[in-house]
Amino acid sequence: MPGVIKGPRTLYDKVFQDHVVDEKPDGTVLLYIDRHLVHEVTSPQAFEGLRNAGRKVRRPDCTLATTDHNVPTSSRKTFKNVAQFIKEDDSRTQCMTLEENVKNFNLTYFGMGDKRQGIVHIIGPEQGFTLPGTTVVCGDSHTSTHGAFGSLAFGIGTSEVEHVLATQTLITRRSKNMRVQVDGQLAPGVSSKDIILYVIGKIGTAGGTGAVIEFCGSAIRSLSMEARMSICNMSIEGGARAGMIAPDQITFDYLKDKPLAPKVDSPEWKKAVAYWSTLKSDEGASYDIEVFIDAKDIEPTVSWGTSPQDVVPISGVVPGPDDFEDENKKKACIRALEYMGLEAGTKMEDISIDKVFIGSCTNARIEDLRTAAKIVEGKKVASNLKAAMIVPGSGLVKKMAESEGLDKVFTDAGFEWREAGCSMCLGMNPDILSPKERCASTSNRNFEGRQGAQGRTHLMSPAMAAAAALAGKLADVRKVDNLQQVTGKAPNQVELEPQVSEPESDADLEEIMDLDETSQGNTAPSAAPASSAGMPKFTQLKGIAAPMDRSNVDTDAIIPKQFLKTIKRSGLGSALFNQWRYNDDGSENPDFVLNQQPWRDAKILVVKGPNFGCGSSREHAPWALLDFGITCIIAPSFGDIFFNNTFKNGMLPLRVAEGPALDKIFDEAAAGREVEVDLPNQAIKTADGTEITNFEVEEFRKHCLINGLDDIGLTMQMEDKISKFEKRRTEETPWLDGSGYLKRNRKGPVQVQAAPVPKTNRGEEKGEPLEW
Ligand SMILES: CC(C)[C@H](C(=O)O)[C@@H](O)C(=O)O
Ligand code: SF4
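Fair warning: this is a prediction, and the values are worked out from it, not measured in the lab.

Rules used in this analysis
- Residues numbered from 1 in each chain as written.
- Chains lettered and ligands numbered in written order.
- Predicted model: local features only at pLDDT ≥ 70, side-chain atom pairs only at ≥ 80, totals over all residues.
- Heavy atoms only, no water.
- Near = heavy atom within 4 Å.
- Polar contact = N/O pair within 3.5 Å; in protein donor to acceptor, adjacent residues only side chain to side chain.
- Areas by Shrake-Rupley, 256 points an atom, 1.4 Å probe, with all protein chains shown as cover.
- Nonpolar A, V, L, I, M, F, W, Y, C, P; charged D, E, K, R; others polar.
- Domains from an automatic or database assignment.
- Patch = residues over 30% accessible without salt bridge, like charges linked within 9 Å, V, L, I, M, F, W, Y side chains within 5 Å.
- Salt bridge = Lys/Arg side-chain N within 4 Å of Asp/Glu carboxyl O.
- Lys, Arg positive; Asp, Glu negative; His and termini not counted.
- Charge placed at Lys NZ, Arg CZ, Asp CG, Glu CD.
- Helix = DSSP H or I, 4+ residues; strand = E, 2+ residues; numbered from the N terminus.
- Expected span 1.5 Å × (residues − 1).
- Buried < 20%, exposed > 50% of the residue type's maximum accessible area, 1.4 Å probe, protein only.
- Pairing = 2+ DSSP bridges.
- Axes fitted to C-alpha atoms, helices over the stretch in contact; angles between N-to-C directions.
- Right-handed = clockwise from strand over helix to strand, strands pointing away.
- Contact = heavy atoms within 4.5 Å.
- Buried area = accessible area lost by both parts, 1.4 Å probe.
- pLDDT = per-residue confidence, 0-100.

A. The arrangement of the site of ligand 1 in detail. Around ligand 1, a shell composed of Val41, Thr42, His69, Asp140, Ser141, Leu426, Arg445, Arg450, Ser616, Ser617 and Arg618 is seen. Ser616 has a polar side-chain atom sitting 3.4 Å from an oxygen atom of ligand 1. Arg618 places a side-chain nitrogen or oxygen 3.0 Å from an oxygen atom of ligand 1. About the coverage of ligand 1: the protein hides 96% of its 320 Å² of free accessible area. Looking at side-chain class alone, the shell around ligand 1 contains 2 nonpolar, 5 polar and 4 charged residues. Shared between two domains, the shell around ligand 1 holds at least three residues of each, these being domain 1 (300-479) and domain 2 (535-709).

In structure tokens form, the structure reads like this:
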């Protein structure tokens, strides 16, 4: 079979291979997905697609939904239901839409009235839904978090969410293998967050593009599961598809008694542990990229700019453009300094802050809160702070923290103690920075406007954020007097969290699950248009191309969070590049290229810098480009998830390396002349038809674009292979069938009912071959 690795294999190779349902000669793989997490932001359009096509959710037992991005983090004492509690119309609509969808499709759901609700990447591991050796996906880029268990976990766009809901598979390709090995002992005050910030500083935000990173080495092995999750969480900020860590005794101990893990000491548990123990890279396995780091070189690390690669040790100073050789980086540095309101040469410790945010899927677990509490215990936050917030990652983290008295420690020190949610990590809820406010944050992204329009974010560890709260400015946690309690975690220091047990009775279950008798089973609710919205065809495209001379354009910049609250795919064009395109008063910024003629009518975007579309998995980014009229983006490289998402919308992202060809295309664009993209002949031409360069495109993707094929319909024709795979999976890894909640009354394996192939699927309509 093509792509099968002969000889020693990496952890990634093994997990990937174990999930191949089918593989084509061109390397296109149909990959089985064991675990699907769903949240309110990236799922409405996917469920709508299912409904429109009359499709079911194939594996409700392998799907877990929660609401996290939009939820207010204010007290829920008066909470009755979402309709009454969420004040913002669009946030409420999005949460209520999820609630309707989980009822209609019969999915397990942790809503706001459920103690187990929380950030999707916190609740999966907490429940034992995330298990070693599984494939885990979610319409969210930080799905990489779950790779800490030795699972292959990655973010997907909304079209792929629909694909997984319908088929429990994804169409994908093998990624490159990358190894980041960190050896040695972490110094006091240095945590796993510092490791990952340091790594991203070294490799850059595009360093892992196209790769899955395996984190290994003695420093990684010494970390607790929660610390490992913080590292894998931010693999996406290093550009990687996923991060993975080989499971070991620390992993198995963490999973003991988690509600959805096999019962400890049962035959299933023993079988599972035996299998999980094989999940490590073989001696001599080869990697495409290797990075070696000595733990002792890592200091507490802080970001200064607007990209997660903009980091320095806390003992350092704000860099200036002269510190970079690369032209793109010089330009990015000038922009970042201006945005952040900083001057080169300023000592990091002299930067005063307005707010502190301890939360997010990177650092809102119980260990993070314990660490921060130790720093602030008996002290007060600085008087210059406008707010200091602690936002636990889940209701269970909150409960556990309260049982340990941490809430009291924080509130005594002057922090606000909040309810679980994404909160000010991205501010889709009421928690945001005001313009120019500066925040010490334990989250993972410091993009322009990330925590609020014109807000300024400095990324750091929970210990560093706690130290900053006390100082009212960025501070070195190593100088805090009770530091001895806040060190990198050696194996003997790993603390295991109290276990959460499975509800015993149906009454218990109803109490915590907010179950509702209106649940209607896994039906496709409405008699809707017969086929899912397929793709428009893409063959030749000739049109005005807009030039953009920027690198690392993230999807937050392409479309900021306030526009993600829609439950539709359409109408986003006016919000495209919102922060750059409009002034504060809402008028157009005349300097922005898409506000100028002839580029207002651009059909193509030509980007000179690398890593376009990095960051979040929001498919709203391609939807906004498409709605504006842009169907092709030419750039040296792309964020992996964005790259996938564009194809799913009939768009063509083209990689053209930095050099004379890209310069020529850029110059044509800048001169306002048309550019032609010829997909069948794989060529980019000037307006008069002169070829500028050829481009590469994967065969399968080209085929789908040219024929406008809906790949869900194509995948459903692989029913035999998917069912066969599932049968084998049930025999080999029975613990993966049925989420524990549904399993309790189950006799034998979950009955999987495959949805029929709709008669109107686009491939059939067009007489396309059934093979893909
Ligand atoms: C809303 C979601 C698409 C997004 C992501 O993919 O990361 C969000 O979680 C974020 O952190 O920006
Ligand atoms: S990165 Fe922030 S917004 Fe995204 S899932 Fe994590 S906590 Fe939520």
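Moving on from the model shown.
B. Quick peek at a negative patch on the surface. On the surface, a cluster of negative charge is made up of Glu325, Asp326, Glu327, Glu658, Asp663 and Asp667. Mapped onto the fold, Asp667 is located in helix H22 (residues 660-670).

C. Here's a closer look at the site of ligand 2. Taken together, His69, His121, Asp140, His142, Ser360, Cys361, Cys422, Cys425, Leu426, Asn444 and Arg450 are the residues near ligand 2. Its residues placed into classes, the shell around ligand 2 shows 4 nonpolar, 5 polar and 2 charged.

D. Molecular detail of helix H7 (residues 192-203). Taking 1.5 Å of rise per residue, the 12 residues of H7 would be expected to cover 16 Å, and the 17 Å separating its terminal C-alpha atoms lies within 8% of that figure. Looking at H7, one finds that the buried residues are Ser192, Lys193, Asp194, Ile195, Ile196, Leu197, Tyr198, Val199, Ile200 and Ile203. Just beyond H7, the residue with positive phi is Gly204, at close to 85°.

E. View of the pattern of salt bridges. Tallied over the entire structure, the rule returns 48 salt bridges. Put simply, Arg173 and Glu698 hold a salt bridge, and the shortest N to O gap is 3.5 Å. Residue Arg173 is located in the loop between strand E8 (169-172) and strand E9 (176-183), and its partner Glu698 is located in the loop between strand E26 (691-694) and helix H23 (699-707); the two are separated by 525 residues in the primary sequence. Residue classification places Arg173 among the partly exposed positions, given a relative accessible area of 28%. What emerges from the salt-bridge pattern is a single network uniting Asp34, Arg58, Arg59, Asp61, Glu719, Glu726, Arg729 and Asp737.

F. Spotlight on the sheet that holds strand E1 (residues 20-23). Taken together, 3 strands build an open sheet; the order of strands is E1-E2-E8 and the sheet is antiparallel. Edge strands, defined here as strands with exactly one partner in the open sheet, are E1 and E8. Across the sheet, the axes of successive neighbouring strands diverge by a mean angle of 20°, strand direction being ignored. As defined by bridge partners, strand E2 (residues 29-32) adjoins E8 across 4 bridges and the pair is classed as antiparallel.

G. Inspection of the pairing of strand E10 (residues 211-216) at higher detail. Most of E10 sits out of view: 6 of its 6 residues are buried. Burial of the side chains of E10 extends over both faces: Ala211, Ile213 and Phe215 are buried on one face and Val212, Glu214 and Cys216 on the other. Where E9 and E10 come together, 6 bridges link them in parallel fashion. From the neighbouring strand, Gln181 faces E10, where its bridge partner is Cys216. With H7 bridging E9 and the parallel E10, this β-α-β connection has right-handed handedness. Summarising the sheet, E10 and strand E11 (residues 242-244) pair through 3 bridges and their orientation is parallel. Looking at E11, one finds that Ile213 is bridged to Gly243.

H. Quick peek at the domain arrangement of the protein. When cut into domains, the protein gives domain 1 (300-479) and domain 2 (535-709). The straight-line distance from the C-alpha centre of domain 1 to that of domain 2 is 33 Å. Between domain 1 and domain 2, the residue contacts involve 15 residues of the former and 18 residues of the latter. The contact between domain 1 and domain 2 buries some 1,400 Å² in all, and 40% of this surface belongs to carbon and sulfur atoms. Summed over the three residues of domain 1 that lose the most area to domain 2, namely Asn328, Met428 and Phe447, the buried surface amounts to 39% of that side. Counting across the domain 1 and domain 2 interface gives 2 salt bridges. In this structure, Asp549 and Lys331 form a salt bridge, with 2.9 Å as the shortest nitrogen-oxygen distance. Taken together, the links from domain 1 to domain 2 amount to 11 residue pairs in polar contact (both at pLDDT 80 or more).

I. Expanded view of the confidence of the model for the protein. Confidence along the protein averages 90 in pLDDT terms, with 88% of residues attaining 70 or more. Predicted confidence is poor over residues 487-533, with pLDDT under 50, and the contacts of this stretch with residues over four places away or in other chains come to 107 contacts. This stretch, residues 746-772, has a pLDDT under 50; its non-local contacts, to residues over four places away or in other chains, come to 55 contacts. Scoring the predicted complex yields pTM 0.91 and, for the interface, ipTM 0.99.

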